[in-house]
Amino acid sequence: MRAPRLCSLCLFLAPVLCWAAPTAILVDTSRSVPPAQFEALKSHIGALLPGLVARGPVALYAFNDGPARLSDFTSDEAELRSGVGRLSQGGRFTLLYDCLFAAEKDLAAKGEPGLILLFTDGRDENSAVTLEDFASRASTAHVAVVCAGLGAADEKTLRRLAVLTGGRYTGPMGAADSGDLAHALSEAAAALPVPPPPPPKVQAEPAAPAPLPPTPQPSGLRRFGLLFALLTILGLVLLAAIGAGIVLLLKRTKAPEDRTCEQCGRPLNVWESECPACLAKSLALTKGHESTEETLAEPPLPELDPVLLQKTPISDLTEHTLVLDQVPVLVLQRLGSPPRMFQLPPEGVVSVGRDKLNTLSVADQTLSAQHFRIIPKEGKFYLVDLKSTNGTSLDGRRVSLVELQPGSVIRAGQCEFVFKIEQKKLN
């Protein structure tokens, strides 16, 4: 039953797709696609290749942890079938938008409208770009996306992807037949603008006749021309002298000396007031020590009755006194969202960033995957920037390693974190 449908699909595609337009086939090879459906999909793509190759060059892409181009744009059906045979499932993530972005970039480089035939469940994980980033570029380059759902497809995302690019969504693979896919491809191809014809060849104009020899000038004009040429040469010599003087002045100007650490000799950046490596080393090696200041002599106390120094017996019904403890907290403040408070462990390291593996994960594209850490050390807390893309600032000053004080404001990307010490009841 499947083979006749595939044959009819190939016969349907050949007359409809009449002008040569490139097509990129994108296949989701993540483990979220059922294995049986994935193997059936490979046979389905193999049956589509004759009609697609007859229309124009075809490229094959696969994506899970990253996009991979298995076959460049070609009309060689044997090479494409070899690429389909190398499709295999794997990886931990699904970088759908990154693969769409890469395929659109390759299609735009060809300088003509094209199609993307996408087989996926519509779920994206860990892509560096968004759906809107891809849709904006695809609209400019006239690239339409025809989607077919796999597994538990996110149909809302696939429909949105098709609408934003002027393409079509044919529904899940199990529900949509080959005719639906053929009809969607024909509609998307018909909606693409036809590339303009090449410009006509411009005939070379006949060569201009050779200019007539100049007529001899009168003696007065000749003297004026010589004077003008002399003044021009003097002006150029003066400009050259001024330029040479500026170069010599710049060479003699002493460049500002580079700042280096007095202990280890490491070059210091403009924003660093002290060497982060030496500061971290001193934090690891420093031990608490007693003050060497001498205790001032206290004045002699008068002799008092020992009974007066003891507490009076109290009632058994008196409530126990509550013990208060200081607890460090971090308050996240974002524009348009209510503040969120996070209690920091007094002994544990807290990692903040966009990745879900952090202690505190914040879904903000301006944050790095691992942006900064808060490290406790002997009752104090230190802020460490993890070489983030946008940097970490404390109270308006960009830092790499610094001690936190209560009330300090940490800015990372478009997020603000306030470090506080709160009072908490122990009993």
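Cut-offs applied
Residues numbered from 1 in each chain as written. Predicted model: local features only at pLDDT ≥ 70, side-chain atom pairs only at ≥ 80, totals over all residues. Heavy atoms only, no water. Pairing = 2+ DSSP bridges. Helix = DSSP H or I, 4+ residues; strand = E, 2+ residues; numbered from the N terminus. Axes fitted to C-alpha atoms, helices over the stretch in contact; angles between N-to-C directions. Contact = heavy atoms within 4.5 Å. Phe/Tyr/Trp six-rings, centres within 6.5 Å; stacked < 30°, edge-to-face > 60°. Buried < 20%, exposed > 50% of the residue type's maximum accessible area, 1.4 Å probe, protein only. Parallel < 35°, antiparallel > 145°, perpendicular 65-115°, else oblique. Left-handed = near helix turned anticlockwise from the far one by under 90°. Nonpolar A, V, L, I, M, F, W, Y, C, P; charged D, E, K, R; others polar. Core = buried A, V, L, I, M, F, W, Y, C linked by side-chain atoms within 4.5 Å. Arc of directions from axis to C-beta.

Peer 1: Looking at this structure, I do not really get the sheet that holds strand β4 (residues 114-120). What am I missing?
Peer 2: Strand pairing within a sheet occurs via backbone hydrogen bonds; the two strands may be parallel or antiparallel. Strand order in the open sheet formed by six strands is β3-β2-β1-β4-β5-β6, with mixed pairing between adjacent strands. On the outer flanks of this sheet lie β3 (67-74) and β6 (168-172), each paired with one strand and no other. Geometrically, the sheet is characterised by an average inter-axis angle of 15 degrees between neighbouring strands, direction not taken into account. Here β4 pairs with strand β5 (residues 143-149) via seven bridges, running parallel. Within β5, the position partnered with Leu118 by the bridge is Cys147. Packed onto the sheet, helix α6 (residues 155-165) meets β4, β5 and β6 and runs at close to 160 degrees relative to β5.

Peer 1: Which parts of the structure should I look at to understand the packing of aromatic side chains?
Peer 2: The geometry of an aromatic ring pair comes down to the distance between the two centres and the angle between the two planes. Per the counting criterion, the structure on display carries two aromatic pairs. A ring pair is formed by Phe372 and Phe417, whose centres lie 5.5 Å apart and whose planes are at 75 degrees; its orientation type is edge-to-face. Within this pair, whereas Phe372 is found in strand β11 (residues 372-377), its partner Phe417 is found in strand β17 (residues 415-425), the two being separated by 45 residues in sequence. In this structure Phe372 comes out as buried when scored by relative accessible area, which is 0%. Since its relative accessible area comes to 0%, Phe417 is described here as buried. Plain terms: the ring middles of Phe381 and Phe419 are 5.5 Å apart, the flat faces sit at 55 degrees to each other, and that makes the pair tilted. Note that Phe381 is positioned in strand β12 (residues 380-385) and Phe419 in strand β17, a separation of 38 residues in sequence. Overall, Phe419 belongs to the buried group, its relative accessible area being 2%.

Peer 1: Help me understand the side chain of Ser408, please; the structure alone is not making it clear to me.
Peer 2: The residue Ser408 is located in the loop between β15 (401-403) and β16 (409-412) in this model. The contacts of Ser408, once residues within four sequence positions are left out, are Leu394, Asp395, Phe417, Val418 and Phe419.

Peer 1: Mind showing me how you'd approach the sheet that holds strand β10 (residues 360-361) here?
Peer 2: The five strands are arranged β10-β9-β11-β12-β15 in an open sheet whose pairing can be described as mixed. Each edge of the open sheet carries a strand with a single partner, namely β10 and β15. Pairing analysis gives three bridges linking strand β9 (residues 350-353) to β11, with the strands arranged antiparallel. For Ser351, the partnering residue across the bridge sits in β11 and is Arg373.

Peer 1: In this structure, what is going on with the packing of helix α5 (residues 131-141) against α6? I would like to understand it.
Peer 2: Axes are the key here: two packed helices are described by the angle between their axes and the distance separating the axes. At a minimum axis separation of 9 Å, α5 and α6 run at an interaxial angle of 30 degrees. Taken as axis vectors, α5 and α6 run roughly parallel relative to one another. Helix-helix and strand crossings are classified by hand; for α5 and α6 the assignment is right-handed. Where α5 approaches α6, its residues Leu131, Glu132, Phe134, Ala135 and Ala138 are matched on the opposing element by Arg160, Leu161, Leu164 and Thr165. Per-class residue counts for the contact of α5 with α6 are six nonpolar, one polar and two charged.

Peer 1: Even after reading the chapter, I still don't get the nonpolar core, so can you show me in this structure?
Peer 2: Most often, soluble globular proteins keep nonpolar side chains buried together rather than apart. Among the nonpolar cores identified, the biggest contains 29 residues, and Ile25, Val27, Leu117 and Phe119 are the most heavily contacted of them. Elements with a minimum of two residues in this core: β1 (23-28), α2 (35-55), β2 (58-63), α3 (77-85), β4, β5 and α7 (178-191). The leading source of residues in this core is α2, at seven residues. For Phe119, the contacting residues outside a window of four places in its chain are Ile25, Leu26, Val27, Asp28, Leu41, Ile45, Leu48, Ala148, Leu150, Met173 and Leu181. Formed by 26 residues, the second largest nonpolar core is a distinct cluster that contains Ala24, Leu100, Phe134 and Leu161.

Peer 1: Before we go on, may I ask you to explain α5 in this structure?
Peer 2: In an α-helix, one full turn covers 3.6 residues, which means residues spaced three or four apart are oriented alike. For α5, the full list of buried residues reads Leu131, Phe134, Ala135, Ala138 and Ala141. Seen from one end, α5 has its buried residues packed into an arc of 135 degrees, which puts them on one side. Against α4 (96-109), β4, β5 and α6 lie the buried residues of α5.

From the geometry alone we can't say anything about function, so treat these as descriptive.
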